[in-house]
Amino acid sequence: MAALRDMPRAGRQLLGTVSRWKPSPVTLQRCASTGAAPAIPDIEEDSGLTAPIVTREDVKIIDPRKRASRRNYELPHERYRYHPPKYYRGPLHPVQPPPSSDPVARDFTPGPFNLPRLKQTFHSTIASDIMTLMYQHTPPGTPDRPERIRLREWDDSSPYMTNRPKRGPRGNDVLFPLEREITWRNVPEIRAVHLAMFMPQAKKNYHHLIVGRSVLQTITGVRPEITTTKTNVAQWGIIKGDRTGVKVSLRGNQAYEFMDKVIHLVFPKIKDWKGIQGTTGDSTGNINWGFDPQTMLYFPEVEANYSLYPSKMISGCRFTLETTAKSDRHARLLCMSIGIPFYGKLVD
């Protein structure tokens, strides 16, 4: 032992490691990670039906009062918890409501639980394609295009014309919105879908109203609203206030789901269908067309239960596609990009 103490430290470490070496038989050994493991069967041997049945007596029910009495501390009182403000008092108010995505917000809505296929295609492909098609390169230094004067001024021929408000456009008092260039901020998209049926026969036979309401509720999934006439029509025998129609509006994901169904399931079934007439539109970005009674039978919900609806009582409907576009030209571009063709002369 004294000789070992006199040896240098490196030699002692070497002898220590050599002394721990043990001869091992020359055999084929596998690594620990690849060791033989029990085979896992593809099908479970034990069935879930053999599990014991849990009865009500086996479940331990804890009395909430006893559990509260065993607490070492009390929960915070209701007045110490955060409550969002009841009213929104502007962006400069010191107390701001939480965003609608926060569960404590008063306008919190859980979801979304689904993503419509047409909406996903719009945000991933169509929106960028519309921006590419509508891009107009402006070289640096190009002066801005003068804005079109839409309001007419009064002349100075009379002192009564001084300081009078400007007049509306000639021939029409409605001032339509200006068409802005499409950028990533204002790409047109679907805002709502409105359907309406007008059935003057409901004055004499209210079953027309029931059938029309059931058809609209079947194809949209929303309970329609009954409408009344605004004026008297002597030819049809209706007076102001008669219940002669139904209407329904779809917004958000429901509008995208309904448009996807109309484009891919209803339009292809119409025989010799050219598309939508190019002169349709209201100059504010809304596209209108109509479905005749035969086309209403092409909806899959009506087609699957054709015997439930009297075919002679099914009426056509007016269809209005409301978009965020400010002109018919941009609205038609959106419709054509999602698969709605137009024919004839295009009127902006």
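Residues numbered from 1 in each chain as written. Predicted model: local features only at pLDDT ≥ 70, side-chain atom pairs only at ≥ 80, totals over all residues. Heavy atoms only, no water.

### Structural notes on the pattern of salt bridges
In step 1: Tallied over the entire structure, the rule returns eight salt bridges.
In step 2: Residue K166 pairs with E153 through a salt bridge whose shortest N-O separation is 3.6 Å. Residue K166 is found in the loop between α4 (117–133) and β1 (190–198), and its partner E153 is found in the loop between α4 and β1; the two are separated by 13 residues along the sequence.
In step 3: Between R329 and E179 there is a salt bridge; the shortest N-O distance is 2.3 Å. Of this pair, R329 sits in helix α9 (residues 328–338) while E179 is found in the loop between α4 and β1, placing the two residues 150 residues apart along the sequence. (Salt bridge = Lys/Arg side-chain N within 4 Å of Asp/Glu carboxyl O. Helix = DSSP H or I, 4+ residues; strand = E, 2+ residues; numbered from the N terminus.)

### Here's the deal with the packing of α4 against α9
In step 1: For the pair α4 and α9, interaxial distance at closest approach is 10 Å and the crossing angle is 125°. Taken as axis vectors, α4 and α9 run oblique relative to one another. Relative to α9, the crossing made by α4 is right-handed. Each of L118, F122, I126, I130 and L133 in α4 lies in contact with α9, whose residues at this interface are L333, L334, S337 and I338.
In step 2: Taken together, the residues that form the contact of α4 with α9 break down as eight nonpolar, one polar and no charged. (Axes fitted to C-alpha atoms, helices over the stretch in contact; angles between N-to-C directions. Parallel < 35°, antiparallel > 145°, perpendicular 65-115°, else oblique. Left-handed = near helix turned anticlockwise from the far one by under 90°. Contact = heavy atoms within 4.5 Å. Nonpolar A, V, L, I, M, F, W, Y, C, P; charged D, E, K, R; others polar.)

### What about helix α6 (residues 253–266)?
In step 1: Helix length check: α6 (14 residues) gives 19 Å between terminal C-alpha atoms against 20 Å at 1.5 Å per residue, within 8%.
In step 2: Along α6, the residues classified as buried are A255, Y256, F258, M259, D260, K261, V262, I263 and V266. (Expected span 1.5 Å × (residues − 1). Buried < 20%, exposed > 50% of the residue type's maximum accessible area, 1.4 Å probe, protein only.)

### Overview of the nonpolar core
In step 1: M259, W289 and F319 are the most contacted members of the largest nonpolar core, which totals 52 residues.
In step 2: Within the residue set of this core, elements represented by two or more residues are α4, β1, α5 (207–220), β3 (243–251), α6, β5 (286–291), β6 (317–323) and α9.
In step 3: For this core, the element with the highest residue contribution is α6, accounting for seven residues.
In step 4: Apart from residues lying up to four places away in sequence, W289 is in contact with M259, F267, I276, C317, R318, F319, L321 and I340. (Core = buried A, V, L, I, M, F, W, Y, C linked by side-chain atoms within 4.5 Å.)

### Some words on the side chain of D260
In step 1: On the secondary structure map, D260 appears in helix α6.
In step 2: At 2.5 Å, the side chain of D260 and the side chain of H264 are in polar contact.
In step 3: Once residues within four sequence positions are removed from consideration, D260 is found in contact with R117 and L118. (Polar contact = N/O pair within 3.5 Å; in protein donor to acceptor, adjacent residues only side chain to side chain.)

### A closer look at a positive patch on the surface
In step 1: Together, K66, R67, R70 and R71 give the surface a local cluster of positive charge.
In step 2: Residue position: K66 is located in helix α3 (residues 64–69).
In step 3: Overall, the relative accessible area of 52% leaves K66 in the exposed class. (Patch = residues over 30% accessible without salt bridge, like charges linked within 9 Å, V, L, I, M, F, W, Y side chains within 5 Å. Areas by Shrake-Rupley, 256 points an atom, 1.4 Å probe, with all protein chains shown as cover. Lys, Arg positive; Asp, Glu negative; His and termini not counted. Charge placed at Lys NZ, Arg CZ, Asp CG, Glu CD.)

### Overview of the sheet that holds β5
In step 1: Overall, antiparallel pairing links the five strands, which are arranged β2-β3-β1-β6-β5 in an open sheet. Each end of this open sheet is capped by a strand with a single partner; those strands are β2 (225–228) and β5. In this sheet, neighbouring strand axes are inclined to one another by 25° on average, regardless of whether the strands run parallel or antiparallel.
In step 2: Two elements, β1 and β6, share six bridges in a ladder whose sense is antiparallel. When the sheet's bridge partners are listed, I190 is paired in β6 with T323.
In step 3: Its contacts with the sheet place α5 against β1, β2 and β3, and it is angled at close to 5° to β3. (Pairing = 2+ DSSP bridges.)

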